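Structural characterization, general
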Amino acid sequence: QMEAILNFRQAGGVGITNRSGQRLKDGLLYRSARPDNITSRDKSMFQQLGIKTVIDLRGKSKYARNRQKPLQDMYTPCIVKERVVKEIGPTSERSIGQLYLFNMYTLQYVWSLVMKVNLLIRWLSVILYPIDLLLGTSYLAKLYVYLIVNKQTLSQHYIDLLEYGKFVVADILRVIINPMNLPLLIHCAHGKDRTGMITALILSCLDVEEEIIINDYAKSQEELNQVRDDLIQQLSSEFGVSIEFSLAKPETMRDMLNQLQMRYGSVSKYLVSAGFTLEEQKKLKNTLLES
């Protein structure tokens, strides 16, 4: 139990097996909300768990804007560009691993939103973008959330992120298939949406039963209940998103998986389309499953 990190748990749960009866190795893959307020006790827990790598799905820009960088004395921040790892911050003498920064909100995703609005809104976007950069506001994000995102289901939002962020998904999974990077923690802001999507893809690739994947996603609802009012307030004030975005309903993940099935035939085939090959998927299984 972490002291100041919400929604922290082993991805999928402890002691789970896949459809073939293979057991997922315990203690290798964790998920959580942001560790921005991590305490000394929590850092000690990280060391006890042997967490060598942290994947932050909020991206480089969010990391740069965040005044608090509590993990910097433990993990060296880096990015992946064209499959090459590039360190972007100082390496502490006490560093025990790397902090990978991935942004699921890719330029391709943003451009897909721009193409859905009329010319007037596009011109307004040109005005709002530099204002947001200068003032650190989110007027542009709120505009597109109001016009497009809030009119979607949460599962459709997930699908859009996965469609326009395929290369990011593949790069994330390539970090995970390297045994030298394990044990590993994946997190985003609340450990629910972006973390939930990536965790679901991993478990699906490992051939875990769909209901286990769905239940693991929905567990975030329970884990975040204690801060739900604050979560709703934050999402509303910062981005203007609807209440649905504060929830983790089982049907949301079920619909996401069904849509991938309908579009690609399977999660495995989606991953191949993302550039994560069958050979790499086999390596993921060998890394995370007991033989």
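Now for a look at the structure at hand. (Residues numbered from 1 in each chain as written. Predicted model: local features only at pLDDT ≥ 70, side-chain atom pairs only at ≥ 80, totals over all residues. Heavy atoms only, no water.)

**A closer look at the pairing of strand S5 (residues 84-87)**
Definition in use: Strands pair, by our definition, only if DSSP identifies at least two bridges between them. Comment: elements are numbered from the N terminus, with helices defined as DSSP H or I runs of at least four residues and strands as E runs of at least two.
Across 4 bridges, strand S4 (residues 75-81) lies against S5 in antiparallel orientation. By the bridge assignment, Val80 is partnered in S5 with Val85. Adjacent in sequence and paired antiparallel, S4 and S5 are bridged by 2 residues, among which Glu82 carries a positive phi angle near 50 degrees.

**Thoughts on helix H11 (residues 250-264)**
To be explicit about the condition: Here the expected length of a helix is defined as 1.5 Å per residue gap, with one fewer gap than residues. For every residue, the accessible area obtained with a 1.4 Å probe (protein chains only) is divided by the maximum for its type, and the residue is called buried under 20%, exposed over 50%, and partly exposed between those limits. What the arc covers is the set of directions going from the helix axis to the C-beta atoms. Whether two residues are in contact is decided by their heavy atoms, any of which lying within 4.5 Å being enough.
For H11, spanning 15 residues, the distance from its first C-alpha to its last is 21 Å, which sits close to the expected 21 Å at 1.5 Å a residue. Of all the positions in H11, only Thr252, Met253, Met256, Leu257, Gln259, Leu260 and Tyr264 are classed as buried. Summarising the axial view, the buried residues of H11 lie within an arc of 155 degrees, below the 170-degree limit, and thus occupy one face. In this fold, the buried residues of H11 make contact with helix H6 (154-164), helix H7 (166-176), helix H8 (194-205), helix H9 (210-223) and helix H12 (267-273). Once H11 ends, the next one or two residues include Gly265, with phi positive near 100 degrees.

**Remarks on helix H10 (residues 228-239)**
Each α-helix turn comprises 3.6 residues. Residues three or four places apart therefore point the same way. In this model, H10 (12 residues) spans 16 Å end to end at C-alpha, consistent with the 16 Å of a helix rising 1.5 Å per residue. Backbone geometry just after H10 places Gly240 at a positive phi near 75 degrees.

**As for the environment of Glu238**
Along the chain, the position of Glu238 falls in helix H10. The class for Glu238 is partly exposed, based on a relative accessible area of 27%. In sequence terms Glu238 and Leu184 are 54 residues apart; their C-alpha atoms lie 29 Å from each other. Look past the residues within four positions of Glu238 in its chain and what remains in contact with it is Lys62, Ser138 and Lys142.

**Focus: the pattern of salt bridges**
This is how the line gets drawn: Salt bridges are counted wherever a side-chain nitrogen of Lys or Arg sits within 4 Å of a carboxyl oxygen of Asp or Glu.
Inspection of the entire model under this criterion finds 18 salt bridges. The partner of Asp216 in a salt bridge is Arg9, and the shortest N-O contact between them spans 3.5 Å. Of this pair, Asp216 sits in helix H9 while Arg9 sits in strand S1 (residues 9-10); the two residues are 207 residues apart in sequence, bridging distant segments of the chain. A single burial state applies to Asp216 and to Arg9, both of which are buried. Taking the shortest distance from any N to any O, the salt bridge between Asp26 and Arg23 comes out at 2.8 Å. On the basis of relative accessibility, which here comes to 32%, the residue Asp26 falls in the partly exposed class. Since its relative accessible area comes to 33%, Arg23 is described here as partly exposed.

**Focus: the nonpolar core**
Inside soluble globular proteins, nonpolar side chains tend to come together where they are buried. Spelled out, the test is: Note on terminology: a nonpolar core comprises buried Ala, Val, Leu, Ile, Met, Phe, Trp, Tyr and Cys residues joined through side-chain atoms within 4.5 Å.
Counting 71 residues, the largest nonpolar core has Ile55, Ile176, Ile202 and Met256 as its most contacted members. When sequence neighbours within four positions are dropped, the list of residues in contact with Ile176 reads Ile55, Leu182, Leu184, Ile186, Ile202, Leu284, Thr287 and Leu288. Core analysis: the next-biggest nonpolar cluster, separate from the first, contains 16 residues, Tyr63, Leu71, Met74 and Leu99 among them.

**Focus: the packing of helix H4 (residues 119-135) against helix H5 (residues 139-147)**
Selection rule: Axis lines are fitted to C-alpha atoms, over the contacting stretch for helices. Their N-to-C directions set the angle, which ranges from 0 to 180 degrees. Gly counts as polar in this scheme, as do all residues outside two lists: the nonpolar Ala, Val, Leu, Ile, Met, Phe, Trp, Tyr, Cys and Pro, and the charged Asp, Glu, Lys and Arg.
One can describe the packing of H4 onto H5 by two numbers: an axis separation of 8 Å at closest approach and a directional angle of 145 degrees. Taken together, the residues of H5 that come into contact with H4 (itself represented by Ile121, Leu124, Ser125, Leu128, Tyr129, Ile131 and Asp132) are Tyr139, Leu140, Ala141, Leu143, Tyr144 and Leu147. Of the residues belonging to the contact of H4 with H5, the class tally is 11 nonpolar, 1 polar and 1 charged.

**So, unusual backbone geometry**
Of note, the bond from Leu182 into Pro183 is cis; its omega dihedral lies within 30 degrees of zero at -5 degrees. Among the secondary structure elements, Pro183 is positioned in the loop between H7 and strand S7 (184-187). In this structure, Asn7 takes a positive phi of about 60 degrees despite not being glycine. The residue Asn7 is located in the segment before S1 in this model. Of note in the backbone geometry, Asp207 takes a positive phi value of approximately 65 degrees without being a glycine. Positionally, Asp207 belongs in the loop between H8 and H9.

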